[in-house]
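# Remarks on the overall topology
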Amino acid sequence: MIRLSRIRKGLRLLKCLALRKPLDPELQRDVHVLRLRLRVWMSVLTRKPLDVRFHHEFNLWAAKGVGEDMDNPHRRIIELALPKMGLAAGDRILDLACGAGLASRLLASSPAGCGRVVAMDISDEMLRHARSRSSRLPNVNFVCGTAEHIPFPDNFFAKALSVEAFYYFERQDRVLADLYRVLAPGGRLFVLICLYKDHADSLATVDAVDVPVQVRSIAEYKALLEDNGWIDVNAEEFVRAPQPGRKPDVHDRALLLSAQKPVLSAQGMVSGERREKASTLCG
Ligand SMILES: C[S@@+](CC[C@H](N)C(=O)[O-])C[C@H]1O[C@@H](n2cnc3c(N)ncnc32)[C@H](O)[C@@H]1O
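A quick note: this is a predicted structure, and the numbers were derived from the prediction, not measured.

## Describing helix α10 (residues 218-227)
Where α10 is concerned, the buried positions are I218, Y221, L224 and L225. For α10, the buried positions fall inside an angular range of 125° around the axis, keeping them on one side. Packed against the buried residues of α10 are α8 (172-182), β5 (183-193), β6 (231-239) and β7 (253-260). Looking one or two residues past α10, G229 carries a phi angle of roughly 95°, positive in sign.

Written out as structure tokens, the structure reads:
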């Protein structure tokens, strides 16, 4: 049912248009959201590739303020993950699918000190929010693009982190291959997610989002990483005990996957060869 407030807003908009009056900031924002929503519908109707759909869908999320809404639940799990990352001064770190940039800011201002954080996302609107909220931090750069093609040279990063995004990646093996390429030998990947098969309560969110997601179990994720040449693969769960008066939340249980690129990695090889070679070198 259309809410009364929406009808009133619609009438206000029509009046402004008819009288050629400038729109107030609230109406401007609503028109912007509407325009982004139309782009999402068009990309679905015209069967655009998933990357294009994701770009539009997450631009819409960003315009609706969803990026900022995620700060609170994500902060707690990111703060649990950061001490596990062994951050060191001078580290170049990739925050893959950074959204509104919370993890990038926490990394860039971590007491361990890190050299530079690259915050990357498929949504330019998310990045706009991330950039404006990170202006105090000179050591964060922003890059727009898909996780399958990380626009950096081989061996560039010491570490990579991806928070609450990995299940959106359509071809997770390709993302892992590019992460492997851009991480330095001995570099470590950290994937933090709250949607996975072992977390039964999280599975309801699959229908709640308007884009396809990949759902794997912990064992399946570990096998995927190992099959793609990663070593020292670990999985750790952060489970928050229920408390009276606090509503349960999907972020009460989170999975931190971590894996290392072998020190003696087979550089410049296609993933199949690399997988074989990596297991020979490190096996
Ligand atoms: C749930 S948000 C998480 C954002 C952020 N990491 C956080 O913790 O608040 C998921 C993010 O993944 C990004 N994303 C989805 N698919 C992507 C892809 N293929 N490449 C890069 N970013 C992607 C979206 O634009 C969105 O900002």
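## Structural notes on the nonpolar core
Ranked by size, the top nonpolar core spans 45 residues in total, and within it L94, L96, F166, L179, L189 and W230 carry the most contacts. Listing elements by their share of this core, those giving two or more residues are α3 (50-63), β1 (92-96), β2 (116-121), β4 (157-163), α8, β5, α10 and β7. Of the residues that make up this core, three or more belong to each of domain 1 (22-64) and domain 2 (70-282). In this structure W230 touches L176, L179, Y180, L183, L189, L225, A259, Q260 and K261, once residues within four positions along its chain are discounted. In terms of nonpolar packing, the next biggest core, distinct from the first, is built from 29 residues, L82, L161, C194 and F238 among them.

## Let's talk about the packing of helix α1 (residues 4-18) against helix α2 (residues 25-45)
The geometry of α1 relative to α2 is characterised by a closest axis approach of 11 Å and an angle of 100° between their N-to-C directions. With respect to their mutual orientation, α1 and α2 come out roughly perpendicular. Seen from α1, the contacting residues are K9, R12, L13 and C16; seen from α2, they are E26, L27, D30 and V31. When grouped by side-chain class, the residues that make up the contact of α1 with α2 number 4 nonpolar, no polar and 4 charged.

## A short note on the pairing of β5
Taken across its 11 residues, β5 has 8 buried, putting it largely inside the fold. Here 6 bridges tie β4 to β5, and the two strands are oriented parallel to one another. Bridged to K159 within β5 is R188. Taken together, β4, α8 and β5 constitute a β-α-β crossover, and its handedness is right-handed. One ladder, built from 6 bridges, connects β5 with β7; its direction is antiparallel. In the sheet register, V191 faces β7, and the bridge partner there is L257.

## Brief notes about the layout of surface pockets
In this structure, the largest pocket encloses a volume near 810 Å³. F58, W61, E164, A165 and Y168 are the residues nearest the centre of the largest pocket, which is lined by 47 residues in total. Going through the elements one at a time, α3, α4 (66-69), α5 (71-81), β1, α6 (102-108), β2 and α9 (205-208) are the ones with two or more residues in the lining of the largest pocket. Top contributing element to the lining of the largest pocket by residue count: α3, with 5 residues. Class assignment for the residues of the lining of the largest pocket results in 30 nonpolar, 8 polar and 9 charged. In terms of domain composition, the lining of the largest pocket takes at least three residues from each of domain 1 (22-64) and domain 2 (70-282). Considering only enclosed or pocket space, the second largest pocket measures out at about 530 Å³ in volume.

## Examining the environment of P185
Following the sequence through the fold, P185 ends up in strand β5. The spatial distance from the C-alpha of P185 to the C-alpha of I231 is 11 Å, given a sequence separation of 46 residues.

## Focus: the pattern of salt bridges
Under the defined criterion, the tally for this structure stands at 19 salt bridges. Salt-bridge contacts for R240 lead to D252; the nearest nitrogen and oxygen are separated by 3.7 Å. With R240 in the loop between β6 and β7 and D252 in the loop between β6 and β7, this residue pair connects regions lying 12 residues apart in the sequence. Overall, the relative accessible area of 11% leaves D252 in the buried class. Residues joined in a network through salt bridges with shared partners are K9, R12, D24, E26, R29 and D30.

Conventions adopted
Residues numbered from 1 in each chain as written. Predicted model: local features only at pLDDT ≥ 70, side-chain atom pairs only at ≥ 80, totals over all residues. Heavy atoms only, no water. Buried < 20%, exposed > 50% of the residue type's maximum accessible area, 1.4 Å probe, protein only. Helix = DSSP H or I, 4+ residues; strand = E, 2+ residues; numbered from the N terminus. Arc of directions from axis to C-beta. Contact = heavy atoms within 4.5 Å. Core = buried A, V, L, I, M, F, W, Y, C linked by side-chain atoms within 4.5 Å. Domains from an automatic or database assignment. Axes fitted to C-alpha atoms, helices over the stretch in contact; angles between N-to-C directions. Parallel < 35°, antiparallel > 145°, perpendicular 65-115°, else oblique. Nonpolar A, V, L, I, M, F, W, Y, C, P; charged D, E, K, R; others polar. Pairing = 2+ DSSP bridges. Right-handed = clockwise from strand over helix to strand, strands pointing away. 1 Å grid on protein atoms, 1.4 Å probe; cavity = no way out; pocket = protein on both sides within 12 Å on 5 of 7 lines; lining within 4 Å. Points joined across faces, edges and corners; volume = space filled by probe spheres on them. Salt bridge = Lys/Arg side-chain N within 4 Å of Asp/Glu carboxyl O.

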